[in-house]
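Residue strings, one per chain:
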Amino acid sequence: MTDGILINRVNIKINKDKFAEKYVILKAEFADYTSRKSAVEVLAKYPFVCAIKYDFKPGVFYAMCLKNPSIPEATERMNSLTLDEEPVHEVPIDSLPRHLQIELLSIGLGRADPVEQEEGHYSNMEGALFMFDALKVKDDHVEALNIKYRPPRALEQFGDVAVDFRATSFYDWDLHKYMKFRNKRPEDYVKYVTTEQGNMKMLTGSPKKNQKMFILHGYRNSKASIPFYDVGSVASLDNSKMGMLASSHRDLRSVYGDIIEEFGFVRTDLFDKMHISKKKGHDDRFEKYLFDLVQTKTFKIYDYLKNEASKQIIEGFVDDVKTIYGIDIETEEELDPSILNIAIVQKSYRDENHAYYSDKVVQHLAVDSIKKKYEGDYPEITSKRGRERRNIIAMTLLNAIIKEDVQKRNQSFYAWVQDELIQKSDGRDWYYADRVRIKNPDENKKMEATFSPKMAVMKLSADGSTEYWLYDRDEVPDGWMKIAYSMFKQGDANIRGIVSDGESIYRFCDTDAVMIPEVERTRQILHDNPEYVNKNGKVVKSSEGVRDGENREEQLKACTDVRGGIADDGDLLYFVGTRGDGMNTGIHWAANLHRAELVDGFEPLPEYQLELMLAPFVRYLGMTVIPYPFKYLHEYEQMYGLEDYIPESDEDDGSGEKVKQMSIYDFIE
């Protein structure tokens, strides 16, 4: 069994003498963007320039160059552009922060060969390495992996160099007339071209005939998407984010040789201490429980739109519910406070009919979100292709039931959670506190939530009963709640929520750390595996030894289940990965590391709270990154708070990768 788990922190040691035999680093200081951009364009025309990197705040600019007689000429040209008194000069590599050392070497990997040819040089205005898979090159855009090394923003105990890897969109320059630009003019954007080596290269001069130019910019709200990891084959692994990142690491060792004395991800054994997973047969038992619960409820549909699209959705939705749950859902002429209402609206947010009610249960179903599921000859709801619709239907009914629970101060799933998820009953009353999110007054940031002066609190008693409060500043009781309110007022957007047992206080925060699977070991296993003919008649290699039983724990524990450990300061560090049982070969999102900080008290957050993250009714048959009672608290805020509330996604961590909570259907081949 492999001890420890890798994390996105990097150990790096560079032999400065070996480096100095081949390379030179030029340092300059520029006072503004225009002069810095001009200097990049000047340097990019010299084939000996390998990498360019700068820090925005101090205005420091670095260029890594092969030793060359023309360097003084380049230096003189740069000096003519600088607005600082200190001239461009050479500096030893060990004078740079460690993250800048590896960043320059990494950017240098994108330098095309041969160096003697002018078209072979490389430079990058963005100061990062952009790698892409040839299959991701479309007619109008390229989806590239943006690899950057930087200082960690938290958890320095794991290392002083972190690596980020994000999917990034480069769109065809010809589309710029249709794009929306906020902060810069279109002509201020740097133009890029693709290289045969699989990198994005900054264009200097004019493009070749029929050569496409790209800019680092999205188009029509599209998002670049590259799977985090895929262990189906060597090829699929290599084309994932982790595969490309690992490839860049192999290239670093190959290109720079004995210049790099040490290099690799940091390994920690902290998360070997706490492992929480679902019981065998969990999903079947929950689906049976939900089926029985739905039979006790009355649902009706109200159509705000009354058009052909909404009529088609209602017909399909009602038929699907009848097929899955065996109940009839009737349409109604007005919302009924005595039953569970499903209201058909146009949009999920910013819809004139998308209102919240404290006196009735209304679950909205947006046409824009579901219409494609009911267009044309859509698949049967019981088929494999109907799985996404099954999830939507289940979550629609679940959310209506949870709204009713909040209204009636009930917990329909509490007994099930205690029986199925909790290994040892905690026996305490717990409080959950949250800031109320409201509409952002800045029109340019209207999809980003901001916060009101209110604080919402939920009490979940040991017997399953609940209470809710919504406090203004002058109403907050003394004790832990005032401490919680003061933390929220500090404006730290990183706080997901605060938990207390009435004495100890814990706050849930995100970190910039990402868990890293055993890429090289897994790749070697896949490479060595025997070939076989699959059901389509294609010869492929087996993925045996990666996902099965003990091997899954060996190769994929950085990506699976809920795991945690207690840090020296009493904080609980944990991550929520994908479901380990019956998982598919592909994992689309990384597992981010979260922190339950011990704010006041002596006991770390109990494991009980992590078990609450296994609840399958927040993300259908999936897991969450904070305890499930926050779902109830958010529903309370909607029903009793402000109408322009915008929910925070449990997926978005604001750094590194995103954690997607998967459904059971993501693990069926």
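If you're wondering where the values come from, they're calculated on a predicted model, not measured in any experiment. (Residues numbered from 1 in each chain as written. Predicted model: local features only at pLDDT ≥ 70, side-chain atom pairs only at ≥ 80, totals over all residues. Heavy atoms only, no water.)

**Student:** Give me the lowdown on unusual backbone geometry, citing residues and values where you can.
**Tutor:** Positive phi, normally seen in glycine, also occurs at K306, with a value near 55°. For K306, a relative accessible area of 54% translates into the label exposed. Its identity as a non-glycine residue notwithstanding, D561 has a phi of 65°, on the positive side. (Buried < 20%, exposed > 50% of the residue type's maximum accessible area, 1.4 Å probe, protein only.)

**Student:** Tell me about the nonpolar core, residues and numbers included.
**Tutor:** Ranked by size, the top nonpolar core spans 88 residues in total, and within it F61, M64, Y149 and Y229 carry the most contacts. Per-element tally for this core: the top contributor is strand 4 (residues 60–66), with seven residues. Apart from the residues within four sequence positions on either side, F61 is in contact with L26, K27, A28, F30, R36, A39, V40, L43, I52, K53, Y54 and M78. Residues F286, V321, I381 and A615 belong to the second largest nonpolar core, which totals 77 residues. (Core = buried A, V, L, I, M, F, W, Y, C linked by side-chain atoms within 4.5 Å. Helix = DSSP H or I, 4+ residues; strand = E, 2+ residues; numbered from the N terminus. Contact = heavy atoms within 4.5 Å.)

**Student:** Give a detailed account of helix 12 (residues 480–489), specifying residues and quantitative values.
**Tutor:** Within helix 12, burial applies to W480, M481, A484, Y485, M487 and F488. End-on view of helix 12: buried residues confined to an arc of 160°, all on one side of the axis. Residues of helix 12 that are buried make contact with strand 19 (430–438), strand 20 (450–460), strand 21 (466–471), strand 22 (495–500), strand 23 (505–516) and strand 29 (592–600). (Arc of directions from axis to C-beta.)

**Student:** Requested: an account of the sheet that holds strand 16 (residues 330–332), with residues and values cited.
**Tutor:** The sheet built from four strands is open, its strands ordered 16-15-17-18 with parallel pairing. Both outer strands of the open sheet, strand 16 and strand 18 (361–366), are each paired with one neighbouring strand and no more. Sheet twist, expressed as the average angle between the axes of neighbouring strands with direction ignored, equals 35°. Direction of pairing for strand 15 (residues 299–303) relative to strand 16: parallel, over a ladder of three bridges. Counterpart to K300 in the pairing with strand 16 is E330. The strands that helix 10 (residues 387–408) touches are strand 15, strand 17 (340–345) and strand 18; relative to strand 18, the one it contacts most, it runs at about 155°. (Pairing = 2+ DSSP bridges. Axes fitted to C-alpha atoms, helices over the stretch in contact; angles between N-to-C directions.)

**Student:** Can you tell me about the packing of helix 7 (residues 282–295) against helix 10, naming the residues and giving the values?
**Tutor:** Relative orientation of the contacting elements helix 7 and helix 10 amounts to 60°, with a least axis distance of 12 Å. One finds that helix 7 runs oblique with respect to helix 10. Between helix 7 and helix 10 the crossing geometry is left-handed. Counting all contacts with helix 7, which are made through F286, L290, L293 and V294, the residues of helix 10 involved are A394, L397, L398 and I401. Looking at the contact of helix 7 with helix 10 residue by residue, the classes come out as eight nonpolar, no polar and no charged. (Parallel < 35°, antiparallel > 145°, perpendicular 65-115°, else oblique. Left-handed = near helix turned anticlockwise from the far one by under 90°. Nonpolar A, V, L, I, M, F, W, Y, C, P; charged D, E, K, R; others polar.)

**Student:** Can you explain the confidence of the model for the protein? Please cite residues and give values.
**Tutor:** Mean pLDDT for the protein: 86, with 91% of residues reaching 70 or above. Taken together, the stretch residues 114–120 has pLDDT below 50 and engages in eight contacts with residues farther than four places along the chain or on a different chain. In the predicted structure, residues 645–669 sits below a pLDDT of 50 and forms 94 contacts with residues beyond four places in sequence or in another chain. (pLDDT = per-residue confidence, 0-100.)

**Student:** I'd like to hear about the environment of L305, residue by residue, with values.
**Tutor:** Relative to the assigned elements, L305 resides in the loop between strand 15 and helix 8 (308–325). You can call L305 partly exposed: its relative accessible area is 21%. Between the C-alpha atoms of L305 and S277, which are 28 residues apart in sequence, the distance is 43 Å. Each residue touching L305, except ones within four places of it in the same chain, is listed here: S310, I344, V345, Q346, N353 and V367.

**Student:** Just give me the short version of the packing of aromatic side chains, but keep the residues and values in it.
**Tutor:** Per the counting criterion, the structure on display carries 30 aromatic pairs. Taking 6.0 Å as the distance between ring centres and 55° as the angle between the ring planes, the aromatic pair formed by Y23 and Y256 counts as tilted. Residue Y23 is found in strand 2 (residues 23–29), and its partner Y256 is found in helix 6 (residues 241–256); the two are separated by 233 residues along the sequence. Classification of Y23 as buried rests on a relative accessible area of 7%. An angle of 85° between the planes, with centres 5.4 Å apart, marks the rings of Y432 and F630 as edge-to-face. Of this pair, Y432 sits in strand 19 while F630 sits in helix 16 (residues 629–640), placing them 198 residues apart in sequence. What links up through ring pairs into an aromatic cluster is the set F286, Y289, F413, W416, F617, Y620, Y628 and Y632. Here K191 stacks its cationic end above the ring of W173, 4.3 Å away from the centre of that ring. (Phe/Tyr/Trp six-rings, centres within 6.5 Å; stacked < 30°, edge-to-face > 60°. Lys NZ or Arg CZ within 6 Å of the ring centre and 35° of its normal.)

**Student:** Give a detailed account of the state of the cysteines, specifying residues and quantitative values.
**Tutor:** The full count for this structure, using the stated rule, is zero disulfides. Cysteine C50 remains unbridged, with the sulfur of C65 as its closest cysteine sulfur at 6.8 Å. Relative accessible area serves as the criterion here: at 0%, C65 is assigned to the buried category. (Disulfide = S-S within 2.5 Å.)

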